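Working through the structure, step by step
Listed here are the chains, written in short residue letters.
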Amino acid sequence: AQKITQTQPGMFVQEKEAVTLDCTYDTSDPSYGLFWYKQPSSGEMIFLIYQGSYDQQNATEGRYSLNFQKARKSANLVISASQLGDSAMYFCAMREGDTGFQKLVFGTGTRLLVSP
Amino acid sequence: DTAVSQTPKYLVTQMGNDKSIKCEQNLGHDTMYWYKQDSKKFLKIMFSYNNKELIINETVPNRFSPKSPDKAHLNLHINSLELGDSAVYFCASSHRLSYNEQFFGPGTRLTVL
């Protein structure tokens, strides 16, 4: 069974607008973590934001925020004020367990294209 | 300062050859990983080492052999390369006490001809 689902293969947004990238997850572990990574065309994986299952507040990092809805098992990434440089693949990933040496399970990614 | 580095960045080789990819991290992390990203961009864990000990070994052919000489290094050796091994291989690292971060290297694009 797919543990991380990203249903949007591609998204388009105009510069300066906000965009939401969807991510749903499946786990029975009460302790888990959700990550978002950006992969630009140059290929590197850039860590964006993290949300822990016990975190009371939604995570924010600059223009990135994570809309965490635990009951719905969703962890959507919101990018505010999109920039041309935000055009990239975005991956949602989950770590099960509460230690730092657990593997990440990735979704299939969403390709975001920001137009002028 | 490079946090997680991999060499080489590109590797083109013939079927049947043996090749290695090296990974080093200077973050003081105690856990390192190898992930494979296929042509459809899907990323999947291959191996994980914590303090030089193998802790995760997904169903990877035994032609793939990771080696961790110390906590800061995790190398990947691949024997008898096959066409299907063509992919981007990412090294990553984390610390078992820092559950909210896992940093990736720049990736190694392996092409098997």
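Residues numbered from 1 in each chain as written. Chains lettered and ligands numbered in written order. Predicted model: local features only at pLDDT ≥ 70, side-chain atom pairs only at ≥ 80, totals over all residues. Heavy atoms only, no water.

1. Regarding the sheet that holds strand E1 (residues 4-7) of chain B
Residues and elements named next belong to chain B. Defined as follows: Note on pairing: two strands pair once DSSP finds at least 2 bridges between them. In DSSP terms, a helix is any run of H or I states spanning at least four residues, a strand is any run of E spanning at least two, and both are numbered starting from the N terminus. To obtain each axis, a line is fitted to C-alpha atoms, and for helices this fit is confined to the stretch in contact; angles are then taken between N-to-C directions over 0 to 180 degrees.
Taken in spatial order, the four strands line up as E1-E3-E8-E7 in an open sheet, and their pairing is antiparallel. Two strands in the sheet have a free side with no partner beyond their single neighbour: E1 and strand E7 (64-70). Strand after strand, the sheet turns through a mean of 20° between neighbouring axes, direction not considered. Relative to strand E8 (residues 73-78), strand E3 (residues 19-25) runs antiparallel, the two being bridged by four bridges. Within E8, the residue paired with Ser 20 across the bridge is His 77.

2. Here's the deal with unusual backbone geometry
Basically, it comes down to this: For every residue, the accessible area (1.4 Å probe, protein chains only) is compared with the maximum for its type, and the residue is labelled buried under 20%, exposed over 50%, or partly exposed between those bounds.
Look at the link from Thr7(B) to Pro8(B): it is a cis peptide, with omega at -5°. Located in the positive-phi region is Ala81(A), a residue other than glycine, with phi close to 45°. By secondary structure assignment, the location of Ala81(A) is in the loop between strand E9 (74-79) and strand E10 (88-96). Among the residues examined, Ala81(A) registers a relative accessible area of 38% and is labelled partly exposed.

3. A word on the nonpolar core
The nonpolar side chains of soluble globular proteins are, as a tendency, buried together. Counted only if it meets this: We call a set of buried residues a nonpolar core when its members are Ala, Val, Leu, Ile, Met, Phe, Trp, Tyr or Cys and they connect through side-chain atoms within 4.5 Å of each other.
Counting 24 residues, the largest nonpolar core has Tyr25(A), Leu34(A), Trp36(A), Ile49(A), Leu77(A) and Tyr90(A) as its most contacted members. In terms of residues, this core owes the most to one element, E10(A), which gives four residues. Core analysis: the second largest hydrophobic core is formed by 19 residues, Ile21(B), Leu76(B), Cys91(B) and Val112(B) among them.

4. Section: the state of the cysteines
As a reminder, the rule being used: What counts as a disulfide here is a pair of cysteine sulfur atoms lying within 2.5 Å.
Within this structure, the stated rule accounts for two disulfides over all chains. Covalently, Cys23(A) is tied to Cys92(A) through a disulfide, its sulfur atoms 2.0 Å apart. Residues Cys23(A) and Cys92(A) share a disulfide whose torsion about the S-S bond is about -65°; that sign makes it left-handed. With Cys23(A) in the loop between strand E3 (19-21) and strand E4 (24-25) and Cys92(A) in strand E10, this residue pair connects regions lying 69 residues apart in the sequence. Take Cys23(A) and Cys92(A): they sit in the same class, and that class is buried. The disulfide that involves Cys23(B) links it to Cys91(B), with 1.8 Å between the sulfurs. An S-S torsion of about -75° defines the bridge between Cys23(B) and Cys91(B) as left-handed. Note that Cys23(B) is positioned in strand E3 and Cys91(B) in strand E9 (residues 87-95), a separation of 68 residues in sequence. Classification of Cys23(B) as buried rests on a relative accessible area of 2%. The exposure class of Cys91(B) is buried, given its relative accessible area of 0%.

5. Some words on the packing of aromatic side chains
How we decide: We call Phe, Tyr and Trp rings a pair once their centres come within 6.5 Å, taking the six-membered ring for Trp, and we label the pair stacked below 30 degrees between planes, edge-to-face above 60, and tilted otherwise. Comment: the charge-over-ring label is applied if NZ (Lys) or CZ (Arg) is within 6 Å of the ring centre and within 35 degrees of the ring normal.
Scanning the model with the defined rule gives 16 aromatic pairs over all chains in all. Ring centres 6.5 Å apart and planes at 25° place the aromatic pair Tyr25(A) and Phe68(A) in the stacked group. You can see Tyr25(A) sitting in strand E4 and its partner Phe68(A) sitting in strand E8 (residues 64-69), a full 43 residues away along the chain. On the accessibility criterion, Phe68(A) (12% relative accessible area) is buried. Aromatic pair Phe35(A) and Phe47(A): ring centres 6.2 Å apart, planes at 65°, arrangement edge-to-face. One end of the pair, Phe35(A), is in strand E5 (residues 32-39); the other, Phe47(A), is in strand E6 (residues 46-52), with 12 residues separating them in the sequence. Counting every residue linked through ring pairs, the aromatic cluster contains Phe35(A), Tyr37(A), Phe47(A), Tyr50(A), Phe91(A), Phe106(A), Tyr33(B), Tyr35(B), Phe90(B), Phe103(B) and Phe104(B). Geometry around Tyr64(A) places Arg63(A) over its ring, the cationic atom sitting 5.7 Å from the centre.

6. Thoughts on the interface of chain B and chain A
In plain terms, the rule: We call two residues in contact whenever any of their non-hydrogen atoms come within 4.5 Å of each other. In short, buried area is how much 1.4 Å probe accessible area vanishes from two parts on joining, totalled over both. Between Lys or Arg on one side and Asp or Glu on the other, a salt bridge is scored when a side-chain nitrogen of the former is within 4 Å of a carboxyl oxygen of the latter. Pairing of N or O atoms within 3.5 Å defines a polar contact, subject to two protein rules: one partner must be a possible hydrogen donor and the other a possible acceptor, and residues neighboring in sequence count only if both atoms are side-chain atoms. The residue classification treats Ala, Val, Leu, Ile, Met, Phe, Trp, Tyr, Cys and Pro as nonpolar and Asp, Glu, Lys and Arg as charged. All others, Gly included, are polar.
Across the boundary between the two partners, chain B contributes 25 residues, which contact 23 residues of chain A. Counting the surface lost from both chain B and chain A, the interface buries some 1800 Å², and carbon and sulfur atoms represent 62% of this. Applying the counting criterion to the chain B and chain A interface returns one salt bridge. The salt bridge involving Glu58(B) is made with Lys103(A); its shortest N-O contact spans 3.1 Å. Inspection of the region where chain B meets chain A yields four residue pairs in polar contact (both at pLDDT 80 or more). Top element by residues in the side of chain B that touches chain A is strand E10 (residues 98-104) of chain B. It accounts for seven residues. Of the residues assigned to the side of chain B that touches chain A, the class counts are 12 nonpolar, eight polar and five charged.

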